[in-house]
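This is what each chain is made of:
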Amino acid sequence: MIEVEHLSKIYGSTTAIEDVHFSVSAGEIIGFLGPNGAGKTTTMRILAGYIPASSGTAKIAGYDVHQQSMEVRKRIGYLPENPPLYLDLTVESFLHFVAKIKGISAGERSQKVQNAIARCQLKDKSRTIIRKLSKGYRQRVGIAQAIVHEPPVIILDEPTVGLDPRQIIEVRHLIKSLAGEHTIILSTHILPEVSMTCDRVTIINRGKVVTSDTPINLMEQLQGNSGYEVEVEGNLDSILPLLSQITGVSQVKVIQSEIVKPNRNVLQIVCRANSEPGKEIAATIVNQGLGLYQMRYTRPSLEDVFLELTTEDLMVASDEENTTMNN
Ligand SMILES: Nc1ncnc2c1ncn2[C@@H]1O[C@H](COP(=O)(O)OP(=O)(O)OP(=O)(O)O)[C@@H](O)[C@H]1O
């Protein structure tokens, strides 16, 4: 449904995105995840036909977003980072206005507006002037204007930014409820957003796609970083080498030293992929006469994946900046 190949955008001397590529199948929700300045908004705006790419192609439902932009616009709903709402109109009259400019015939308009109001749970607010709505409700109006013409593809740029925690949950539920009927691409810099809402995630960093996969597969890539966190009391000198020798253990680190009590430490025991030597670890600690106060199995989170994929680049970036500053 969405095919992006070798897409680049250069603003003057800034390369905002470079050789970006990904695809989205019909009915999927994909998250476009990246830190600030990674190039998310630039990509969303190119897909929505707001700005042209410098090179490369993007197609939606087989139509080129630049060369066949009118065909594309009929098939997409776009929620920009700051949705353009007419604050002095009521929700209903604003949606009627949007439906009209999106070319919906007068006969069909009322029905489509009412559908969008129902989908976005705006019935109670349909006669309210937009200016009087909370940020969460305004965001729903933003989504309603994106879906009023029932486009197969919805493009959402940072749809939960600036909302409070309850509004965030409500908007995420709303987005999830639109999946299946619609193909959705949403950009975000918030990690839980993609694991909660999306089938797949494309991670972008400094304008380039770093990886694209399901949240679960990405976490499995880091399987080797799963392990145990244990809180022990006693002398660590003899226990650390013994723990390191257990089959399946790749690394033992002291991550908290004597925080709770003197002589009490928290260890992180990193294990190799597909190994769970929990029994041996507990037995070794107890047999050495140390106190075992807590032990839990830890898996990598999507955050770990994200950091692993983006940190090296950020460190290179900060090294480059330091070098430039020193020169
Ligand atoms: N109109 C513009 N003119 C010049 N540079 C721009 C323009 N728009 C974006 N950029 C630059 O392009 C890069 C990517 O910006 P973009 O807004 O696409 O990133 P983003 O991932 O959406 O970040 P954020 O989450 O902070 O909005 C940044 O370095 C930004 O400063």
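On a predicted model such as this, the values are computed, not experimentally measured, just so you know.

Novice: How should I be thinking about the domain arrangement of the protein chain in this particular structure?
Specialist: Think of interface size as the accessible area that goes away when the parts come together; that is how it is often given. Segmenting the protein chain into domains produces domain 1 (2–220) and domain 2 (223–298). Taking only C-alpha atoms into account, the centre of domain 1 sits 46 Å from that of domain 2.

Novice: Please clarify how the nonpolar core should be interpreted in this entry.
Specialist: Nonpolar side chains in soluble globular proteins tend to be buried together. Leu 47, Leu 95, Ala 116, Ala 144, Val 148, Ile 155 and Ile 185 are the most contacted members of the largest nonpolar core, which has 62 residues in total. Once you skip the residues sitting within four places of it in the chain, Val 148 turns out to touch Leu 95, Val 98, Ala 99, Lys 102, Lys 112, Val 113 and Ala 116. One finds Val 230, Val 252, Cys 271 and Ile 281 within the second-largest nonpolar core, a separate group that totals 12 residues.

Novice: Explain the sheet that holds strand S4 (residues 55–60) to me, please; I cannot follow it from the model alone.
Specialist: Taken in spatial order, the 4 strands make up an open sheet running S2-S1-S4-S5, and their pairing is antiparallel. Looking at which strands have only one partner, the edges of the open sheet turn out to be strand S2 (14–24) and strand S5 (63–64). As paired strands, strand S1 (residues 2–11) and S4 are joined by 5 bridges and run antiparallel to one another. Bridging from a neighbouring strand, Val 4 pairs with Ala 58 of S4.

Novice: Can you help me understand the environment of Ile 147 in this one?
Specialist: Following the sequence through the fold, Ile 147 ends up in helix H5 (residues 135–147). Overall, the presence of 21 C-beta atoms within 10 Å leaves Ile 147 in the buried class. The contacts of Ile 147, once residues within four sequence positions are left out, are Gly 77, Ala 116, Arg 119, Ile 154 and Leu 178.

Novice: How do you make sense of unusual backbone geometry when you look at a structure like this?
Specialist: When glycine is set aside, most residues are seen to have a negative phi, and most peptide bonds are trans. Positive phi values are uncommon outside glycine, yet His 6 reaches one of about 50°. Following the sequence through the fold, His 6 ends up in strand S1. Assessed through the 13 C-beta atoms surrounding it within 10 Å, His 6 is described here as partly exposed. Within the chain, Asn 263 stands out as a residue other than glycine whose phi angle is a positive 75°. Inspection of the secondary structure assignment puts Asn 263 in the loop between strand S12 (249–257) and strand S13 (264–271).

Novice: In this structure, what is going on with the packing of helix H3 (residues 91–101) against H5? I would like to understand it.
Specialist: Two numbers describe a pair of packed helices, the interaxial angle and the distance between the axes. Relative to each other, H3 and H5 sit at 30°, their axes nearing to 9 Å. By the angle class used here, H3 and H5 are roughly parallel. Note that H3 runs across H5; the crossing there is right-handed. Seen from H3, the contacting residues are Val 91, Phe 94, Leu 95 and Val 98; seen from H5, they are Val 141, Ala 144 and Gln 145. Each residue belonging to the contact of H3 with H5 can be placed in one class, and the counts come to 6 nonpolar, 1 polar and no charged.

Reading guide: rules and limits
Residues take numbers from 1 onward in each chain, read along the sequence in its written order. Side-chain atom pairs in this predicted model are given and counted only at pLDDT of 80 or more, local residue features only at pLDDT of at least 70, and totals for whole chains, interfaces and linings cover all residues. Domain start and stop points were drawn from an automatic or database domain assignment. Each nonpolar core reported here comprises buried Ala, Val, Leu, Ile, Met, Phe, Trp, Tyr and Cys residues connected via C-beta atoms within 7 Å. The exposure label follows from counting other C-beta atoms within 10 Å of a residue's C-beta, where the C-beta atoms are placed from the backbone and the thresholds are 20 or more for buried and 12 or fewer for exposed, leaving partly exposed in between. We call two residues in contact when the distance between their C-beta atoms, placed using the backbone, is within 7 Å. Strand pairing follows a simple DSSP-based rule, namely that at least 2 bridges must link the two strands. Elements are defined by DSSP. Helices are runs of H or I of four residues or more, strands are runs of E of two residues or more, and each kind is numbered from the N terminus. Angles run from 0 to 180 degrees between N-to-C directions of axes, and those axes are lines fitted to C-alpha atoms, restricted for helices to the stretch in contact. Here is the rule for angles: anything less than 35 degrees is roughly parallel, anything more than 145 is roughly antiparallel, 65 through 115 is roughly perpendicular, and the remaining ranges are oblique. Throughout, a crossing is termed right-handed when the near helix is turned clockwise from the far one, and left-handed when it is turned anticlockwise from it by less than a right angle. All amino acids are sorted into three groups, where Ala, Val, Leu, Ile, Met, Phe, Trp, Tyr, Cys and Pro are nonpolar, Asp, Glu, Lys and Arg are charged, and the leftover types, Gly among them, are polar.

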